[in-house]
Amino acid sequence: MDHLDKKIEEAARRLLSSERILLATHEDPDADGLSAMLAVMLWLKGQGKEATAFVQGELPSYLKFLPGIDFLSWEIPAGEYDLLVGFDYADFKRLGLDEWVLNQPRLTILTLDHHPEGRQRGEIMAVDPSAASTTILIHRLLRHLGADITPQIATCILAGIVVDTGGFLHANTNKEALEVAGRMMRAGANLPKI
């Protein structure tokens, strides 16, 4: 098992053991960050977990079709959380949670990102710049968890891949991106709609 696989395994354990979870992506979210967060949110809701999905800034109208969009909160939540999961943010300041974190005494930070390591934060850092999108990492995480990939989760994962690869035209399009895209279509994601 390589270093990243261990981080994915650690992330899975932490998601399963946490009671109150805050999910967050960067301000003015793009398809990859938002889709990654919503895919995990949909899975957590299916597990009966208490989770909040936080974003700040404008939500592009082209993303309003994403499953789980109704779970989004533009308000920083009150109360104590034991896990913060940051998606696709590259720089922790882009989450808008610097002050909030200072008031969370039991908080563990988990980062899932395909940007090179730099200004992310976390006790658990699952970062892979070779991944075509952050939703690729989410696919790896959900497979590790043995999760049922519903059509809604598949749509989120595929949306992140499609946008971050420029419709499979950018240089980051690789074998894994194409294989995962095929799996998501078989799981019910509608590529033409995305």
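Let us look at the structure shown here. (Residues numbered from 1 in each chain as written. Predicted model: local features only at pLDDT ≥ 70, side-chain atom pairs only at ≥ 80, totals over all residues. Heavy atoms only, no water.)

Our next topic: the overall build of the protein. Looking only at helices and strands, one finds six helices and six strands in the protein. Traced from its N-terminal end to its C-terminal end, the protein shows the element sequence α-β-α-β-β-β-α-β-β-α-α-α. Seen through its C-alpha atoms, the protein measures out along the principal axes to roughly 45 × 40 × 30 Å. At a minimum sequence separation of 6, the contacts of the protein that also span at least 24 residues come to 67%. Entry remark: accessible area of the protein is about 8,700 Å², with carbon and sulfur atoms responsible for 49%. Taking the average location of the 19 positive side-chain charges in the protein and that of its 27 negative ones, the two points are 4 Å from each other. (Helix = DSSP H or I, 4+ residues; strand = E, 2+ residues; numbered from the N terminus. Contact = heavy atoms within 4.5 Å. Areas by Shrake-Rupley, 256 points an atom, 1.4 Å probe, with all protein chains shown as cover. Lys, Arg positive; Asp, Glu negative; His and termini not counted. Charge placed at Lys NZ, Arg CZ, Asp CG, Glu CD.)

Moving on, we come to helix 5 (residues 151-164). An α-helical turn contains 3.6 residues, so any two residues separated by three or four positions project in the same direction. Between its first and last C-alpha, helix 5 extends 20 Å over 14 residues, near the 20 Å set by a 1.5 Å rise per residue. With respect to burial, helix 5 is a largely interior element, 11 of its 14 residues being buried. Within helix 5, the full set of buried residues consists of I153, A154, T155, C156, I157, L158, A159, G160, I161, V162 and D164. Tucked into the core, helix 5 has its buried residues touching helix 2 (31-46), helix 4 (134-144) and helix 6 (175-186). (Expected span 1.5 Å × (residues − 1). Buried < 20%, exposed > 50% of the residue type's maximum accessible area, 1.4 Å probe, protein only.)

A word on the sheet that holds strand 6 (residues 124-127). The six strands lie next to each other as 3-2-1-4-5-6, forming an open sheet whose pairing is parallel. The outermost strands of the open sheet, each flanked by one partner alone, are strand 3 (72-73) and strand 6. Of the pairings in the sheet, the one linking strand 5 (residues 108-113) to strand 6 comprises four bridges and is parallel in character. The residue of strand 6 that forms the bridge with D113 is V127. Sheet strands in contact with helix 4 are strand 4 (83-87), strand 5 and strand 6, and its direction is about 115 degrees off that of strand 5. (Pairing = 2+ DSSP bridges. Axes fitted to C-alpha atoms, helices over the stretch in contact; angles between N-to-C directions.)

With respect to the helices and strands, S35 occurs in helix 2. S35 gets classed as buried once you look at its relative accessible area, which sits at 0%. Ignoring anything within four residues of it in the chain, the contact list for S35 reads L66, T135, C156, A159 and G160.

The biggest cluster of nonpolar side chains holds 56 residues, and the ones touching the most others in it are L23, L34, L72, V85, F87 and L142. Tallying contributions element by element places helix 2 first for this core, with 11 residues. (Core = buried A, V, L, I, M, F, W, Y, C linked by side-chain atoms within 4.5 Å.)

Applying the stated criterion across every chain yields a total of two aromatic pairs. Across from the ring centre of Y81, 4.1 Å away, lies the NZ or CZ of R20, which sits over that ring. Above the plane of the ring of F92 lies R121, whose end atom (NZ or CZ) is 4.4 Å from the centre. (Phe/Tyr/Trp six-rings, centres within 6.5 Å; stacked < 30°, edge-to-face > 60°. Lys NZ or Arg CZ within 6 Å of the ring centre and 35° of its normal.)

Inspection of the entire model under this criterion finds eight salt bridges. As a salt-bridge pair, R20 and E50 come within 2.8 Å of each other at their nearest N and O atoms. On the criterion of sequence distance, the pair formed by R20 in strand 1 (residues 20-25) and E50 in strand 2 (residues 50-54) is long-range, its members being 30 residues apart. For R20, a relative accessible area of 23% gives the class partly exposed. Overall, E50 belongs to the partly exposed group, its relative accessible area being 43%. (Salt bridge = Lys/Arg side-chain N within 4 Å of Asp/Glu carboxyl O.)

Most of helix 4 is tucked away: nine of the 11 residues are buried. Among the residues of helix 4, T134, T135, I136, L137, I138, H139, R140, L141 and L142 are the ones counted as buried. Positive backbone phi, at 70 degrees, marks G146, one or two positions downstream of helix 4.

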